[in-house]
Amino acid sequence: MWKEIEAAPADAILGLTEAFKKDSNPNKVNLGVGVYKDDQGTTPILKCIKTAEKQLIEIQTTKGYLPISGDPAYAANVQKLLFGADSEVIASGRAMTIHSPGGTGALRVGADLLKKFNPDGKLWVSTPTWANHKGIFGAAKFEINDYPYYNPETKDVNFEAMLAALENVPSSDIVLLHVCCHNPTGVDLSNDQWSQVVSVAQAKGWIPFLDFAYQGFGSGIGEDRGTVEKFAAAGIDFLVASSFSKNLGLYNERTGALTVVSPSAAEASVAMSHLKATIRVNYSNPPAHGGLAAKTVLDDEALYKQWVGELAEMRERIIEMRSALVDGLAARGVEGDFSFIKRQRGMFSFSGLSDEIVIWLRKNKSIYVVKGGRINLAGLTSGNIDYVCDAIAEALKA
């Protein structure tokens, strides 16, 4: 049946990783895929997770199915991270959380749920956004529109244009918003700007869908959830897709969550019933191990404290690599001001490198960068930073 069917194109980011793996250059550097790397260039298993997994091995007595929505204690811990332990949202019961297969699974479940009850609604995403956003919501049959976000001239948010666009979004539509560490630009809204976005959402009635994949990678766990708290205080319907891939290093365990927040507990209960129905015909129930490991860390005071410390080390290493890249390019006399990279947050930077430079780096230096110039700063290490700076300097002077 496949003889006359053309092969699908490789994923823009994961396909780049496949090419990287086949590259025989010993100096090759992967700055494409959105995975945290330590200074040795490996994606580590956090010490708190190692301890949690040892505990699980000792106490587990079954490999039976989890409930459709996942372990209730896992959901409770997710909500504490999203809203704070003393949140009114938790106390009132107007949030419902399911354990999903990663943040991607959370987005897809949310997309399917919204499409079922809002079939004519359109999705709005930032320009630019994570490439897979359009793929996920497109597969759920959403028509997708863009709202302005990044200004390449100022290397900052084009907030006036963004706000004007959001004020014109129909009440039937859904707006996807990056909570922090915007992927791919690394440029976030200020607290005041978020307050204005929340006010527009209240006034216009469209549904916010918050993508929260990087909690703790911006300023800290509590600081990064400030945006979610603003939406919660507004008393409106919204959704949050969150993930433990990055901040707990549970990439291959596919550990995420979808939280639906409603104005009342009764409405939230209705939403949960339909979430379960959506999950049942998709993957039936979630994988257990990653969620149970995350729950173990979040439930244990000592492990939680250890996690906060490990997360801070990851965040600070990325900040150090931002500075090393900017300072390294300046030391090599590269034309242009790259200091904006220091102001960005999270793993990613819209570096300003053209597609021609990106292709040159890959072809001549085996440095892999996504087209559009998005760089994963976590792919830089003390061992490759000089090589990367030399290569970029050479490319820009060529």
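So, here's what we can say about the structure. Just so it is clear, the model here is predicted, and its values are computed rather than measured.

### With respect to unusual backbone geometry
Thought 1: Here the amide bond leading from Thr127 into Pro128 is cis, since omega sits at 0°, within 30 degrees of zero.
Thought 2: Residue placement: Pro128 occurs in the loop between strand 3 (123–127) and helix 6 (131–139).
Thought 3: In this structure, the amide linkage connecting Asn183 to the following residue, Pro184, adopts the cis form with an omega of 25°.
Thought 4: Mapped onto the secondary structure, Pro184 falls in the loop between strand 7 (174–178) and helix 8 (191–204).
Thought 5: Of note in the backbone geometry, Cys181 takes a positive phi value of approximately 55° without being a glycine.
Thought 6: Inspection of the secondary structure puts Cys181 in the loop between strand 7 and helix 8.

### Regarding the sheet that holds strand 10 (residues 255–261)
Thought 1: Reading across from one edge, 2-10-9-8-7-3-4 is the order of the 7 strands in this open sheet, with mixed pairing throughout. What marks the edges here is a single partner per strand, and that holds for strand 2 (95–101) and strand 4 (144–148). Within this sheet the neighbouring strands show an average axis-to-axis angle of 25°, counted without direction.
Thought 2: Relative to strand 4, strand 3 runs parallel, the two sharing 5 bridges. When the sheet's bridge partners are listed, Leu123 is paired in strand 4 with Ile144.

### Quick notes on the pattern of salt bridges
Thought 1: All chains considered together, the criterion is met by 13 salt bridges.
Thought 2: Through salt bridges with shared partners, one network takes in Asp188, Asp224 and Arg345.

### Some details on the nonpolar core
Thought 1: With 104 residues, the main nonpolar core has Met162, Leu177, Val197, Phe231, Phe238, Leu248 and Trp307 as its most contacted residues.
Thought 2: Among the elements that line this core, the one with the most residues is helix 13 (residues 301–331), at 9 residues.
Thought 3: Contacts of Val197, omitting those with residues within four sequence positions, involve Phe159, Met162, Leu163, Leu166, Leu177, Leu189, Trp206 and Phe231.
Thought 4: Membership of the second largest hydrophobic core comes to 25 residues, among which are Ile98, Leu176, Ala241 and Ile279.

### A short note on a nonpolar patch on the surface
Thought 1: A cluster of nonpolar side chains, contributed by Met1, Trp2 and Ile5, occupies part of the molecular surface with about 440 Å² of accessible area.
Thought 2: With respect to the secondary-structure elements, Trp2 resides in the segment before helix 1 (14–22).

### Some remarks on the environment of Thr62
Thought 1: Mapping Thr62 onto the fold places it in the loop between helix 2 (47–59) and helix 3 (72–83).
Thought 2: Exposure remark for Thr62: the relative accessible area of 54% places this residue in the exposed category.
Thought 3: A polar contact is formed between the side chain of Thr62 and the backbone nitrogen of Gly64, at a distance of 2.9 Å.

### Considerations on the packing of aromatic side chains
Thought 1: Enumeration over the complete set of coordinates arrives at 12 aromatic pairs.
Thought 2: Measuring from centroid to centroid gives 5.9 Å for Tyr214 and Phe348, while their planes differ by 90°, and the two rings are edge-to-face. Of the two residues, Tyr214 sits in the loop between strand 8 (207–212) and helix 9 (221–224) while Phe348 sits in strand 11 (residues 348–350), which places them 134 residues apart along the sequence.
Thought 3: Since its relative accessible area comes to 1%, Phe348 is described here as buried.
Thought 4: Arranged with centres 5.8 Å apart and planes meeting at 45°, the rings of Phe231 and Phe238 form a pair that is tilted.

### So, the state of the cysteines
Thought 1: Overall, the coordinates contain 0 disulfides when judged by the stated rule.
Thought 2: Unpaired in this structure, Cys180 has its nearest cysteine sulfur neighbour in Cys181, at a distance of 3.9 Å.

### Comments concerning the side chain of His178
Thought 1: Of note, His178 is situated in strand 7.
Thought 2: Using a relative accessible area of 8% as the deciding quantity, one classes His178 as buried.
Thought 3: A distance of 2.9 Å separates the side chain of His178 from the side chain of Thr129, its partner in a polar contact.
Thought 4: At a separation of 3.5 Å, a polar atom in the side chain of His178 contacts the main-chain amide nitrogen of Asn183.
Thought 5: The residues contacting His178, other than those within four sequence positions of it, are Ser126, Thr129, Trp130, His133, Asn183, Trp194 and Asp211.

### With respect to the side chain of Arg225
Thought 1: Note that Arg225 resides in the loop between helix 9 and helix 10 (226–233).
Thought 2: Among the residues examined, Arg225 registers a relative accessible area of 17% and is labelled buried.
Thought 3: At 3.2 Å, the side chain of Arg225 and the backbone oxygen of Leu81 are in polar contact.
Thought 4: Once you skip the residues sitting within four places of it in the chain, Arg225 turns out to touch Lys80, Leu81, Leu82, Phe83, Gly84, Phe212 and Gln215.

### Observations concerning helix 16 (residues 385–397)
Thought 1: Between its first and last C-alpha atoms helix 16 spans 18 Å; for 13 residues at 1.5 Å apiece the expected length is 18 Å, and the two agree.
Thought 2: By the burial criterion, the buried members of helix 16 are Ile385, Val388, Cys389, Ala391, Ile392, Ala393 and Ala395.
Thought 3: The elements touched by buried residues of helix 16 are strand 1 (29–30), helix 13, helix 15 (355–365) and strand 12 (367–368).

The rules behind these values
Residues numbered from 1 in each chain as written. Predicted model: local features only at pLDDT ≥ 70, side-chain atom pairs only at ≥ 80, totals over all residues. Heavy atoms only, no water. Helix = DSSP H or I, 4+ residues; strand = E, 2+ residues; numbered from the N terminus. Pairing = 2+ DSSP bridges. Axes fitted to C-alpha atoms, helices over the stretch in contact; angles between N-to-C directions. Salt bridge = Lys/Arg side-chain N within 4 Å of Asp/Glu carboxyl O. Core = buried A, V, L, I, M, F, W, Y, C linked by side-chain atoms within 4.5 Å. Buried < 20%, exposed > 50% of the residue type's maximum accessible area, 1.4 Å probe, protein only. Contact = heavy atoms within 4.5 Å. Patch = residues over 30% accessible without salt bridge, like charges linked within 9 Å, V, L, I, M, F, W, Y side chains within 5 Å. Areas by Shrake-Rupley, 256 points an atom, 1.4 Å probe, with all protein chains shown as cover. Polar contact = N/O pair within 3.5 Å; in protein donor to acceptor, adjacent residues only side chain to side chain. Phe/Tyr/Trp six-rings, centres within 6.5 Å; stacked < 30°, edge-to-face > 60°. Disulfide = S-S within 2.5 Å. Expected span 1.5 Å × (residues − 1).

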